[in-house]
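Here is how the chains run, residue by residue.
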Amino acid sequence: RVGHLHRRAGFGATHAELEEGVRGGVDAAIDRLLNARPSADLDAAWETLRTTIGQTNSGAQLPAAWVYRMLYSTQPLVEKMTLLWHDHFATSNAKVNNAGFMLGQYELMRRHALGNFGAMLRDMSHDAAMMVWLDTVDSRRDRPNENYARELMELFSLGIPHPRDAGRRNYTEHDIREAAKAFTGWRIVAGRDVFQEAQHDGGEKTVFGRRGNWNWDDIVRFCLEHEACPFFICRKLYDHLISDIEAPSADLLEPLARQLKDGDYELRPVVERMLRSNLFFSDRCYRQKIKSPVEYVLGVVRGLEGHEGTGSRIATSQLTRSMEEMGQRVFYPPSVAGWDGGRAWLNAQTFLLRQNLALSLTSTTDDRFGRRTDPAALARRHDRRTNEQRVDFLLKVFLQGDVTAATRTRLLEYADNAARSRYPAFWSAEDAEDQRVRSLCHLVLCLPEFQLC
């Protein structure tokens, strides 16, 4: 249960975090994730990164910078929720082409990640990156652009009704056209959003059957007041935190949606309710999601404690390159709908890429990662000396023992057989022993169970 919590509400647990969670109980582990404090050192490093990337407009550095923060953060739940909202408000620097704007949007989402969805939606409606991404900057009274108004309703707040709700519509094309007029007149000047009244359509508009001289803030308010909005947002939280396989029933969502609406769209209480629910730890949820590339890669590095200790930091630029090959490059989602996720994360090619990265991280011969993630050193630090101890330790850290007895037996057989294998004559006995531990760990990271979250 502790491991499951850290996979879903973070990026995987270290041995120490698993031990602490088991000692104190799951509820206390949830408390720690919800109430985690920021690190002053990490925040200072982030500000330096942000300033440099913004000044040089280095889009290539954006993914590595965020992965760095995800890996070293003392607030993994905040970063995990920010990643959720990045997929929700999917904005790509491929079009925005402004690293400063993208970092500004990231900070916006992070600020509201467990805060108020209404405030986040309002701030997003005049966020510089979003204004470029969905063409609000080109929307004027004589030619309103419908892109933002459409996605505000379809992807950001109301959604398209589920097939079982056939015949019901949350909005019409007329609502989109009228709402688009309310977003006219906004420009970006010196990197900031500026309202130019001369380019704004100040006339009457009819949206959701309500007629008046509505502005952008009114349209956002109408979306938040719409009966579909709290259900849509709770369904999105459910997909990310609980299950993306089967759609939740209306009866299941209703109390969550009511809590979100009655709480003025405060996210934290609803997220906490989901994390503490029996459903979150049920068989319908447990290891039923395929890990995204971000979750897979960071789970490996964290499990191997590659982010701990002193000395040089692991090269997150190389980690993000591998994530991109697997299909996920943060700050560069493929479309306004974000990543497909789910089964799309795993196929023959991406599984091979996962195997190859696992080999690079555990081999210690890849110049990109060096010895930061050496399983042999990890086993020694935790005093695992025998094959049985090492197998059980690796299965505990990465899978919390969630494998069949047959799988454990086969891993033990491999370790025992490898001990009888011949290695180069110039290798010491310790070198050979370390190599066997690395190969064993690579096998664990390639197990089907480890691909699941």
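One can find the structure itself at the top, above this paragraph.
Along every chain, residues carry numbers that run from 1 in the direction the sequence is written. Reporting in this predicted model follows two pLDDT cut-offs: at least 70 for local features of residues, and 80 or more for side-chain atom pairs to be given and counted; totals over whole chains, interfaces and linings ignore these cut-offs and use all residues. The side-chain values count all of the structure's non-hydrogen atoms but skip hydrogen atoms and water molecules.

(A) Representation of the overall build of the chain in the model. Within the chain, the secondary structure is distributed over 23 helices and four strands. Just to be clear, the radius of gyration here is over C-alpha atoms, and the globule rule we use is 2.2 Å times residues to the power 0.38. Against the globule reference of 22 Å for 453 residues, the chain gives a C-alpha radius of gyration of 24 Å, in line with a compact fold. Looking at the chain residue by residue over its 453 residues, the buried ones come to 55%. Contacts between residues were defined by any pair of non-hydrogen atoms, one from each residue, lying within 4.5 Å. Considering only intrachain contacts with a sequence separation of at least 6, the fraction spanning at least 24 residues in the chain is 74%. The accessible surface values rely on the Shrake-Rupley method and a 1.4 Å probe; as for residues, cover is taken only from the protein chains in view. Just so you have it, the chain exposes about 19,700 Å², and 48% of that area is on carbon and sulfur atoms. His is not counted, nor are the chain ends, whereas Lys and Arg count as positive and Asp and Glu as negative. Charge coordinates come from a single atom per side chain, which is NZ of Lys, CZ of Arg, CG of Asp or CD of Glu. In the chain, the 60 positive side-chain charges and the 61 negative ones have mean positions that sit 2 Å from each other. Only DSSP runs of H or I covering at least 4 residues are called helices, and only runs of E covering at least 2 are called strands; the numbering of each starts at the N terminus. Only protein chains enter the calculation, and the probe is 1.4 Å; a residue is then buried if its accessible area is under 20% of its type maximum, exposed if over 50%, and partly exposed in between.

(B) The arrangement of empty space enclosed by the protein in detail. Both site types are read off a 1 Å grid over the protein atoms alone. A 1.4 Å probe that fits but cannot get out defines a cavity, while an open set with protein on both sides within 12 Å along at least five of seven lines defines a pocket; lining residues have an atom within 4 Å of a point. Grid points are joined across faces, edges and corners, and a volume is the space filled by probe spheres set on the points. For the coordinates displayed, the defined rule picks out one cavity of 30 Å³ or more. Approximately 140 Å³ is the volume found for the largest cavity. As for the largest cavity, its lining consists of 16 residues, of which Arg7, Gly12, Ala13, Lys291 and Gly299 are closest to the centre. A per-element tally of the lining of the largest cavity places helix H17 (residues 293-303) first, with three residues. We call Asp, Glu, Lys and Arg charged. Ala, Val, Leu, Ile, Met, Phe, Trp, Tyr, Cys and Pro are nonpolar, and the rest, Gly among them, are polar. For the lining of the largest cavity, the per-class residue count stands at seven nonpolar, six polar and three charged.

(C) Seen up close, helix H19 (residues 348-363). Counted at 1.5 Å a residue, the expected span for H19 with its 16 residues is 22 Å, and the 22 Å between its end C-alpha atoms agrees. Along H19, the positions that sit buried rather than exposed are Thr350, Arg354, Leu357, Ala358, Ser360, Leu361, Thr362 and Ser363. Turning to H19, the residues buried within the fold contact H17, helix H18 (316-326), helix H20 (375-381) and helix H23 (429-445). For this analysis, a polar contact is any N or O atom pair within 3.5 Å, provided that within protein one partner can donate a hydrogen and the other can accept it, and provided that sequence-adjacent residues contribute only side-chain to side-chain pairs. Two to three positions downstream of the cap, the backbone nitrogen of Gln349 sits 3.0 Å from a side-chain oxygen, assigning the N-cap of H19 to Asn347. The span expected for a helix works out to 1.5 Å for each residue beyond the first.

(D) Expanded view of the layout of surface pockets. Roughly 1,200 Å³ of volume is contained in the largest pocket. Secondary structure elements with two or more residues in the lining of the largest pocket: helix H6 (76-88), helix H11 (147-157), helix H14 (228-241) and helix H15 (250-262). For the lining of the largest pocket, the class distribution of residues is 20 nonpolar, 10 polar and 17 charged. Reported here for the second largest pocket is a volume of approximately 460 Å³. Considering the residues around the second largest pocket, the lining is formed by 25 residues, among which Glu17, Ser73, Thr74, Pro76 and Arg302 are closest to the centre. Among the secondary structure elements, those contributing two or more residues to the lining of the second largest pocket are helix H2 (15-24), helix H3 (26-35), helix H4 (40-56) and helix H5 (62-72). Of the residues assigned to the lining of the second largest pocket, the class counts are 11 nonpolar, seven polar and seven charged.

(E) Structural detail: the pattern of salt bridges. Salt bridges, as used here, are contacts in which a Lys or Arg side-chain nitrogen is within 4 Å of a carboxyl oxygen on Asp or Glu. Inspection of the entire model under this criterion finds 40 salt bridges. The partner of Arg111 in a salt bridge is Asp123, and the shortest N-O contact between them spans 3.8 Å. Highlighted residues: Arg111 in helix H8 (residues 99-112) and Asp123 in helix H9 (residues 117-124), separated in sequence by 12 residues. For Arg111, a relative accessible area of 54% puts it in the exposed group. Overall, the relative accessible area of 24% leaves Asp123 in the partly exposed class. With a closest N to O distance of 3.4 Å, Arg150 and Glu146 form a salt bridge. Judged by relative accessible area, which is 23%, Arg150 ranks as partly exposed. Classification of Glu146 by relative accessible area gives partly exposed; the value is 28%. A network of salt bridges, in which partner residues are shared, links Asp43, Arg50, Arg69, Glu79, Glu107 and Arg110.

(F) Broad picture of the pairing of strand E2 (residues 192-195). Where strand E1 (residues 186-189) meets E2, four bridges bridge the pair, whose relative direction is antiparallel. Looking across to E2, one finds that Ile188 is bridged to Asp193. Criterion used throughout: strands pair if DSSP finds at least two bridges between them.

(G) Spatial organisation of the nonpolar core. Residues belong to one nonpolar core when they are buried, are Ala, Val, Leu, Ile, Met, Phe, Trp, Tyr or Cys, and are joined through side-chain atoms within 4.5 Å. Ranked by size, the top nonpolar core spans 130 residues in total, and within it Trp85, Phe117 and Phe398 carry the most contacts. Setting aside chain neighbours within four positions, we find Phe117 in contact with Trp85, His88, Phe89, Phe156, Leu224, Cys229, Ile233, Tyr265 and Leu267.

(H) Region of the structure containing the side chain of Lys205. Along the chain, the position of Lys205 falls in strand E3 (residues 205-207). Dropping the residues within four chain positions of it, Lys205 is found in contact with Glu178, Lys181, Ala182, Arg210, Arg211, Gly212, Asn213 and Trp214.

(I) Seen up close, the packing of H9 against helix H13 (residues 216-225). Packing of H9 against H13 leaves a shortest axis separation of 10 Å and a crossing angle of 145°. The two elements H9 and H13 cross, and the hand of that crossing is right-handed. Along its contact with H9, which presents Phe117, Gly118, Leu121 and Arg122, the element H13 presents Trp216, Asp217, Val220, Arg221 and Leu224. Lines fitted to C-alpha atoms define the axes here, with helix axes fitted over just the stretch in contact, and angles between the N-to-C directions of these axes take values from 0 to 180 degrees. Less than a right angle of anticlockwise turn of the near helix away from the far helix marks a crossing as left-handed, whereas a clockwise turn marks it as right-handed.

(J) Representation of the packing of H5 against H6 in the model. Two elements in contact, H5 and H6, have axes whose closest approach is 10 Å; the angle formed by their N-to-C orientations is 145°. Within the contact between the two elements, H5 uses Trp66, Arg69 and Met70 and H6 uses Glu79, Thr82, Leu83 and His86. Partitioning the contact of H5 with H6 into residue classes produces three nonpolar, two polar and two charged.

(K) Spatial organisation of H23. The end-to-end C-alpha distance of H23, which contains 17 residues, comes to 25 Å, matching closely the 24 Å that a straight helix rising 1.5 Å per residue would cover. Burial in H23 covers these residues: Ala432, Asp434, Arg436, Val437, Arg438, Leu440, Cys441, His442, Val444 and Leu445. Tucked into the core, H23 has its buried residues touching H17, H19, H20, helix H21 (387-399) and helix H22 (405-419).

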